[in-house]
Amino acid sequence: MDPLTEAEIRGSFVNCSKGEAKRLSMPRGLAELPWGDLDFLGWRDAGAPDRAYLVSATGPGGPVDGGEPVGLTLRVAPGARRNLLRSSLCGLCLTGHSGGGVDLLAAPLAGPAGRQGNTVALYMCADLACSLYVRGRKTSALAKRLEETLTLDEQIARTRRNLDGFLGKVLQTAA
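Think of each chain on its own: its residues are numbered from 1, step by step along the sequence as written. Under the rules for a predicted model, residues below a pLDDT of 70 receive no local features and side-chain atom pairs below 80 are neither given nor counted, while totals for whole chains, interfaces and linings still include all residues. The basis for the side-chain values is all heavy atoms of the structure; hydrogens and waters are excluded.

**Q** Which residues make up the side chain of serine 12, and what values go with them?
**A** Strands are runs of DSSP state E lasting at least 2 residues, helices are runs of H or I lasting at least 4, and numbering of each runs from the N terminus. Within the secondary structure, serine 12 sits in the loop between α1 (6–11) and α2 (18–23). Note on contacts: a residue pair qualifies if any of its non-hydrogen atoms lie within 4.5 Å across the two residues. With near-sequence residues (within four places) excluded, serine 12 lies in contact with Val55, Pro69, Val70 and Gly71.

**Q** Give a detailed account of the environment of cysteine 93, specifying residues and quantitative values.
**A** Following the sequence through the fold, cysteine 93 ends up in the loop between β4 (87–89) and β5 (96–98). Considering only alpha carbons, one finds cysteine 93 and threonine 159, 66 residues apart in sequence, at a separation of 4.9 Å.

**Q** Run through unusual backbone geometry, naming residues and quoting values.
**A** Where the residue is not glycine, phi is negative for most of them; where a peptide bond is considered, it is trans in most cases. One non-glycine residue, leucine 94, lies in positive phi territory at about 60°. Inspection of the secondary structure assignment puts leucine 94 in the loop between β4 and β5. Exposure remark for leucine 94: the relative accessible area of 30% places this residue in the partly exposed category. One non-glycine residue, leucine 128, lies in the positive phi region at around 55°. For leucine 128, the location among the structural elements is in the loop between β7 (119–125) and α4 (130–134). Three exposure classes are used, based on accessible area relative to the maximum for each residue type with a 1.4 Å probe and protein chains only: buried under 20%, partly exposed in between, and exposed over 50%.

**Q** Break down the packing of aromatic side chains for me, citing the residues and quoting the values.
**A** Side-chain rings of Phe, Tyr and Trp, where Trp is taken by its six-membered ring, are said to pair if the distance between their centres is within 6.5 Å; with planes under 30 degrees apart they count as stacked, over 60 as edge-to-face, and otherwise as tilted. This structure, assessed with the given rule, holds 2 aromatic pairs. Where phenylalanine 13 meets tyrosine 53, the ring centres are 6.1 Å apart and the plane angle is 90°; that geometry is what we call edge-to-face. Linking phenylalanine 13 in the loop between α1 and α2 with tyrosine 53 in strand β2 (residues 51–56), this pair joins segments that are 40 residues apart in sequence. Both residues of the pair, phenylalanine 13 and tyrosine 53, belong to the buried class. Arranged with centres 5.3 Å apart and planes meeting at 40°, the rings of tryptophan 43 and tyrosine 53 form a pair that is tilted.

**Q** Report on the nonpolar core, specifying residues and quantitative values.
**A** The set of buried Ala, Val, Leu, Ile, Met, Phe, Trp, Tyr and Cys residues whose side-chain atoms join them within 4.5 Å is what this entry labels a nonpolar core. Of all hydrophobic cores here, the largest spans 42 residues; its most connected members are Ile9, Phe13, Leu41, Trp43, Leu74, Met124 and Phe166. Within the residue set of this core, elements represented by two or more residues are β1 (40–44), β2, β3 (70–76), β6 (102–108), β7, α4 and α5 (152–171). A per-element tally of this core places α5 first, with 5 residues. Those residues in contact with leucine 41, other than ones at most four positions away along the chain, are Met1, Ile9, Pro27, Leu30, Leu33, Trp35, Tyr53, Leu54 and Val55.

Right, here's the structure in full:
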């Protein structure tokens, strides 16, 4: 992923108002992020732990969409309970986590449907560091990632497909 400026990040959000995008908290250390290892930028709001943000390098379908970043506001789904005794699997990168390492994050749909309160949700790494887990740059509290027969490039492509599918669900009703 190419580095993004604060203005590009704020301008990328599709499921909130421009005013909300102006007020959301930015990730700390934006310039120092490992951009080359990121398929998307994800962060939690330090001031509001139930809020998270995700900015994809491009929309679903990749560069054919014009290569514009797409940002989503996310919230921990109400009523989602963490089971601290079981492990969970992220729906994007398929990394296993123990305890509270995975959250059910809900995104309002883009457009009128989202303004009416409609959302889609997916279990994701609570810290939104999927790209780093896939590349082995970060490890979960579990002993190690599950051994796979897929190559690293294939695992990255699968993560991207899963993300594109989620983005597509959020954007499908926007018109």
